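A closer look at the structure
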Amino acid sequence: MTSTNDMTYYLAAFVDELVKSGLEDAVISPGSRSTPIALLLAEHPAIHVTVLIDERSAAFYALGLAKTKNKPVAILCTSGTAATNYYPAIVEAYQSRLPLIVLTADRPHELRDVGAPQAIDQLKMYGDYVKWFVEMALPEDTNAMIRYARTMAARAAGTSLSAPIGPVHLNFPLREPLIPDLNAKELWSRYKESNESIVEVNVGEYSISDEQAHFFAKLMSERKKGIIVCGEIPQVKIDECSQAIAELSKTLQYPIFADPLSGLRTGPHPKETVVEGYDAFLRPDEVKEALEPEIIIRFGAMPVSKFLMQYISKSSNAVQIVVDGDGGWRDPTLQASYMVHAEERLFCRKVLENLNARDSFEWLDYIKSLNNLTKKVLSEEQIGNMFEGRVISELQTMLPDSSAIFVGNSMPIRDIDTFLFTDDKKVSVIANRGANGIDGVVSTALAASKAFENLVLVIGDLSFYHDMNGLLAAKLQKLNVTIVLVNNNGGGIFSFLPQSKVEKHFESLFGTPTDMEFEHAVKLYEGDYMKAENWAEFKKAVTYSLQNKGLKVIEVPTNRAENEEIHRKLWKNVSQEMILTLENKE
């Protein structure tokens, strides 16, 4: 056998077993050393290949596919610094629990650490941010090594999907020649007697026993003043989890403090116990103290709201149950009384079997009244020209059912937390909240847009600039997406942080104005550019965007100082109303 045959059959077996293990998508960045794997991924009829030049953008694009499909997605690059550009997206995938299969081509062992070009140490280069690493053996066309290649593929896919879900890394040392024989006989079935997978990895769900369900139901039954806190839930689990959590809430008469990424604020499920104004009304210490709970039940990731986290942290006398269906440890407040590794829907169903429905009582009614008052204050006519928070309100009104809003980090995610109210219309909210970074947001959102008829990305100017390379995917893949570019000419979030008081160096170190004309970047990628300097123009631009396909960018110029002033005024107004309500209650 020739070295070409060794490489061809070995790598073809690996690729074919990835498919049999559930792989549908691969995102490839061009390179020489990765040539044989790239060609075989492209050759396999069951794999959809996306080619993106920039490795960082490519990895975040793959992350967006994994986020909406919850299936493993492969990324492939050549050796050297190409692989280092994957690092930010791998960190995000690990923190967000997304199944990436990272494939890096490498120099063979004899060309390492001898000054060969494009050779760096790629062994375990992503450290603890991948669940599993393997240095693949050199290719051989033998029954044993073909079985080895298939087993590693199946293990990679299975490990990426097992709890907690996350990325895995396989490093392939490859010798020249690097061109596989795509016409080889039995290309996908070498040494195989059937078309079945060589080893099937069954990934089960965490559950609880009947005894445990009875125990938790008893804990809840004995405590009337309870809170259900729901953070980010994976997109593919939102519908079933929303219904189950809503039923548990109604039975217990506990309000649900629902993060926008939970999926509980919008959609057809019951929402009479959903509370969305907590970030505003929990700011005064007097409110936190007045709403001291006896029990807190948490589902999903930790919510965005800093004030909700403070509320949970201060509730040290409450029994706190953290339900994590992925077997992790999500307790940044260090207040958990019980860490329950059970799939969220199964936990609710089994506990509900042991509960009797409560009648409505003052606790829930009072919190709902605070929430309604908060929404009334936040909905009052805003001051100024273009208030950033109103972008969310306008989009929620205009977007049709089953749309999605992808939000950037810093201010957009906080504005959607404050201004996205309950609605029977389903509007999915998606974000990269694993590591909370501003990098790669454009690329992730573009990939996520493939799962929705209408997706709008709301992003700040610095984050947009950070990932402008990602716009190439919109052009090459002919994606349909609207980007609302909120341009306050710098880092708006820093205006709300303590460093804003150090005026001497604030603007140069944190404000970081760029004075960029983003229209030119949009035109470079053949997108439609619109600027909305008032709300009439904004509504017109959004209407146009929803009626037309392709990449559309709506730039909304805003003023950082004015935006901060309006935010603070609204929060102050809410706080004053809350304190007045407490005084009247006493």
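Here's a quick rundown of the structure. What you see is a predicted model; the values in this text were computed from it and never measured.

Rules used throughout
- Residues numbered from 1 in each chain as written.
- Predicted model: local features only at pLDDT ≥ 70, side-chain atom pairs only at ≥ 80, totals over all residues.
- Heavy atoms only, no water.
- Helix = DSSP H or I, 4+ residues; strand = E, 2+ residues; numbered from the N terminus.
- Contact = heavy atoms within 4.5 Å.
- Axes fitted to C-alpha atoms, helices over the stretch in contact; angles between N-to-C directions.
- Parallel < 35°, antiparallel > 145°, perpendicular 65-115°, else oblique.
- Left-handed = near helix turned anticlockwise from the far one by under 90°.
- Nonpolar A, V, L, I, M, F, W, Y, C, P; charged D, E, K, R; others polar.
- Salt bridge = Lys/Arg side-chain N within 4 Å of Asp/Glu carboxyl O.
- Buried < 20%, exposed > 50% of the residue type's maximum accessible area, 1.4 Å probe, protein only.
- Core = buried A, V, L, I, M, F, W, Y, C linked by side-chain atoms within 4.5 Å.
- Phe/Tyr/Trp six-rings, centres within 6.5 Å; stacked < 30°, edge-to-face > 60°.
- Pairing = 2+ DSSP bridges.
- Right-handed = clockwise from strand over helix to strand, strands pointing away.

1. Structural notes on the environment of Gln 235
When you line up the elements, Gln 235 lands in the loop between strand 7 (226–230) and helix 8 (238–252). Sequence-wise, Gln 235 and Ser 428 are 193 residues apart; in three dimensions their C-alpha atoms are separated by 8.2 Å. Ignoring anything within four residues of it in the chain, the contact list for Gln 235 reads Lys 67, Ser 428, Val 429, Ile 430 and Phe 452.

2. Points about the packing of helix 8 against helix 12 (residues 344–352)
At a minimum axis distance of 9 Å, the contact between helix 8 and helix 12 shows a crossing angle of 30 degrees. Classified by the interaxial angle, the pair formed by helix 8 and helix 12 is roughly parallel. The element helix 8 and its partner helix 12 pack so that their crossing is left-handed. Taking contact as the criterion, the partners of Glu 240, Cys 241, Gln 243, Ala 244, Ile 245, Glu 247, Leu 248 and Thr 251 in helix 8 are, on helix 12, Glu 344, Arg 345, Cys 348, Arg 349, Val 351 and Leu 352. Looking at side-chain class alone, the contact of helix 8 with helix 12 contains seven nonpolar, two polar and five charged residues.

3. Topic: the packing of helix 1 (residues 3–20) against helix 6 (residues 143–161)
At their nearest, the axes of helix 1 and helix 6 sit 8 Å apart, and the two run at 35 degrees to each other. Handedness of the helix 1/helix 6 crossing: right-handed. Across from Tyr 9, Tyr 10, Ala 13, Phe 14, Asp 16, Glu 17, Leu 18 and Lys 20 in helix 1, the residues of helix 6 making contact are Met 145, Ile 146, Tyr 148, Ala 149, Arg 150, Met 152, Ala 153 and Ala 154.

4. So, the pattern of salt bridges
Overall, the coordinates contain 34 salt bridges when judged by the stated rule. For the salt bridge of Glu 135 with Arg 112, the shortest nitrogen-to-oxygen distance reads 2.8 Å. In this pair, Glu 135 is assigned in strand 5 (residues 132–135) and Arg 112 in the loop between strand 4 (100–106) and strand 5, connecting sequence segments 23 residues apart. With a closest N to O distance of 2.9 Å, Glu 394 and Arg 390 form a salt bridge. Of this pair, Glu 394 and Arg 390 both sit in helix 14 (residues 388–398), four residues apart, which is roughly one turn of the helix. Its relative accessible area of 24% is what places Arg 390 among the partly exposed residues. Through salt bridges with shared partners, a single network forms among Glu 205, Lys 237, Glu 240, Glu 343, Glu 344 and Arg 345.

5. A short note on the nonpolar core
Here is a general trend for soluble globular proteins: nonpolar side chains tend to be buried in one another's company. If you look at the biggest cluster of nonpolar residues, it comprises 59 residues, and the most contacted ones within it are Phe 257, Phe 281, Leu 282, Leu 291, Leu 395 and Phe 538. Excluding its chain neighbours within four sequence positions, the residues that come into contact with Phe 257 are Ile 227, Ile 228, Val 229, Cys 230, Val 275, Tyr 278, Phe 281, Leu 282, Leu 308, Tyr 311 and Ile 367. Counting residues in hydrophobic clusters, the runner-up holds 54 residues, among them Ala 83, Tyr 126, Ala 473 and Val 553.

6. Digging into the packing of aromatic side chains
Under the criterion given, the structure shown has 15 aromatic pairs. A ring pair is formed by Phe 387 and Phe 419, whose centres lie 5.6 Å apart and whose planes are at 85 degrees; its orientation type is edge-to-face. Within this pair, whereas Phe 387 is found in the loop between helix 13 (362–378) and helix 14, its partner Phe 419 is found in helix 15 (residues 411–419), the two being separated by 32 residues in sequence. Across this residue pair, the class does not change: Phe 387 and Phe 419 are buried. Aromatic rings pair up to connect Phe 215, Phe 216, Phe 299, Tyr 338 and Phe 347 into one cluster.

7. A look at the sheet that holds strand 5
The strand order 2-1-3-4-6-5 describes an open sheet built from six strands, whose pairing is parallel. Bordering the open sheet on either side are strand 2 (48–51) and strand 5, each of which pairs with just one other strand. For this sheet the average axis-to-axis angle between neighbouring strands, irrespective of direction, equals 20 degrees. In this sheet, strand 6 (residues 168–173) lies alongside strand 4 in parallel orientation, the contact comprising six bridges. Within the sheet, the bridge partner assigned to Thr 104 lies in strand 6 and is Asn 171.

8. Overview of the pairing of strand 13 (residues 403–407)
Most of strand 13 sits inside the fold, with five of its five residues counted as buried. Residue alternation in strand 13 divides its side chains into two sets, Ser 403, Ile 405 and Val 407 and Ala 404 and Phe 406, and both sets are buried. Here four bridges tie strand 13 to strand 14 (residues 427–430), and the two strands are oriented parallel to one another. In the strand pairing of strand 14, Ser 403 is matched with Val 427. At this point the chain moves from strand 13, through helix 15, to the parallel strand 14, and the crossover so formed is right-handed. Judged from the four bridges that link them, strand 13 and strand 15 (residues 455–460) form a sheet pairing that is parallel. Within strand 15, the position partnered with Val 407 by the bridge is Val 458.

9. Some words on unusual backbone geometry
Ala 163 connects to Pro 164 through a cis peptide bond whose omega is -10 degrees. Counting through the fold element by element, Pro 164 comes out in the loop between helix 6 and strand 6. In this structure, the amide linkage connecting Glu 176 to the following residue, Pro 177, adopts the cis form with an omega of 0 degrees. Take Pro 177: it is sitting in the loop between strand 6 and helix 7 (210–221). The backbone of Tyr 191 shows a phi angle near 60 degrees, a positive value even though the residue is not glycine. Residue Tyr 191 is classed as partly exposed on the basis of its relative accessible area, which comes to 39%.

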